[in-house]
Amino acid sequence: MEQGMYIIAGLGNPGREYEDTRHNVGFWVLEKLAKKENISVLEKRHKAIIGKGVISGRKCILAKPQTYMNLSGESVRELVNFYKVDEKAELIVISDDISLEPGQIRIRKKGSAGGHNGLKNIIANLGHDTFIRVKMGVGEKPAGWDLADYVLGRFSPKDREAVDQAADRAADAICMIIAEGADAAMNRFNGSPKDGGTSPRGKSTVKRDGSRSGEQGTAAEGVEPAEEKNAAQGSPSEGRSLTLQRSGSRQAACPVLKRVVEGISAATRYKKQ
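Residues numbered from 1 in each chain as written. Predicted model: local features only at pLDDT ≥ 70, side-chain atom pairs only at ≥ 80, totals over all residues. Heavy atoms only, no water.

Draft legend 1. Molecular detail of the overall build of the chain. Of regular secondary structure, the chain possesses nine helices and seven strands. Relative to its full complement of 273 residues, the chain shows a buried share of 47%. Of the roughly 14000 Å² of accessible surface on the chain, a fraction of 51% belongs to carbon and sulfur atoms. (Helix = DSSP H or I, 4+ residues; strand = E, 2+ residues; numbered from the N terminus. Buried < 20%, exposed > 50% of the residue type's maximum accessible area, 1.4 Å probe, protein only. Areas by Shrake-Rupley, 256 points an atom, 1.4 Å probe, with all protein chains shown as cover.)

Draft legend 2. Structural detail: unusual backbone geometry. The residue H46 is not glycine, and still its phi comes out positive at about 55°. Residues other than glycine seldom take positive phi values, yet K84 does so here, at roughly 55°. You can see K84 is positioned in the loop between α2 (72-83) and α3 (87-90). You can call K84 partly exposed: its relative accessible area is 49%.

Draft legend 3. Summary view of the packing of aromatic side chains. For the structure shown, the criterion picks out four aromatic pairs. Measuring from ring centre to ring centre gives 6.3 Å for Y18 and Y68, while their planes differ by 80°; the resulting arrangement is edge-to-face. On the criterion of sequence distance, the pair formed by Y18 in the loop between β1 (6-10) and α1 (25-36) and Y68 in the loop between β4 (58-65) and α2 is long-range, its members being 50 residues apart. The class for Y18 is partly exposed, based on a relative accessible area of 21%. Its relative accessible area of 43% is what places Y68 among the partly exposed residues. Relative to Y150, the ring of W145 has its centre 5.9 Å away and its plane inclined at 85°; by these criteria the two rings are edge-to-face. When the ring centre of F27 is taken as reference, the NZ or CZ atom of K64 above it lies at 5.3 Å. (Phe/Tyr/Trp six-rings, centres within 6.5 Å; stacked < 30°, edge-to-face > 60°. Lys NZ or Arg CZ within 6 Å of the ring centre and 35° of its normal.)

Draft legend 4. Seen up close, the pairing of strand β7 (residues 132-137). For β7, a buried count of six out of six residues is recorded, marking the element as mostly surrounded by other parts of the structure. The pairing of strand β5 (residues 91-97) with β7 spans six bridges and is parallel. Residue V93 lies in a different strand from β7, and its bridge partner there is R133. Of the strand pairs in this sheet, strand β6 (residues 105-108) and β7 are connected by four bridges, and their pairing is antiparallel. Each bridged residue has a counterpart across the sheet, and for I107 the counterpart in β7 is V134. (Pairing = 2+ DSSP bridges.)

Draft legend 5. Summary view of the pattern of salt bridges. In this structure the tally under the stated criterion is 11 salt bridges. With a closest N to O distance of 3.4 Å, K109 and D183 form a salt bridge. Note that K109 is positioned in the loop between β6 and α4 (117-126) and D183 in helix α7 (residues 182-189), a separation of 74 residues in sequence. The exposure class of D183 is partly exposed, given its relative accessible area of 27%. Overlapping salt bridges bring together K32, D164 and D168 as one network. (Salt bridge = Lys/Arg side-chain N within 4 Å of Asp/Glu carboxyl O.)

And the structure:
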């Protein structure tokens, strides 16, 4: 049994026709990481193309499953079984995410598939959803578009540049996960690229209970925030919150308006007298 080894799986579809599509961002990040760490990814094993190397002092297997996206879990399961890693701590999966804007990164330690078929198949094959994932924003599907058509489509030049830069940051984030742990990487890289990769609501920190300040959900536990669970049709919880806020504002305004009306009525009666 090899101790302390990581498996890093970038998700995508094999074949030239899929090379530059949104669904293949996981492959992009893995290739960036391989180049950064001088690891050759050429060997065909375990229904994947793999490479072996050392990152941050730890042995690593870099893998690009060749099963097509919807069966990614078959390759990941074979890799986990063969190398006998602790998939809850030593498996890192890189995937695209339509609930994040292009250029945004989100790291999670557990959570649902969020509608992503590759993650769904990995969860089914592992039998649980506790594994580190690095999610790459590809932008929300436009209204009226078929989801498959969108994720198998290509980026605009502007979005392509943002995602390409994010792929570099994601490679750095994976190195930090291996060297310092997922919590440290979440604090540093989760959020918008506009503020250097920290949370767009301000730099977040991991609390003692594992939750993170400045971000919805519990980052250390990987609870999906509302916008990810409801990416396709908006967040009902956000709608309720907004309704309550507006309702509260009206209630606060009513006593003031009532006093103004009473004052005007009193002044009118006084003039008539």
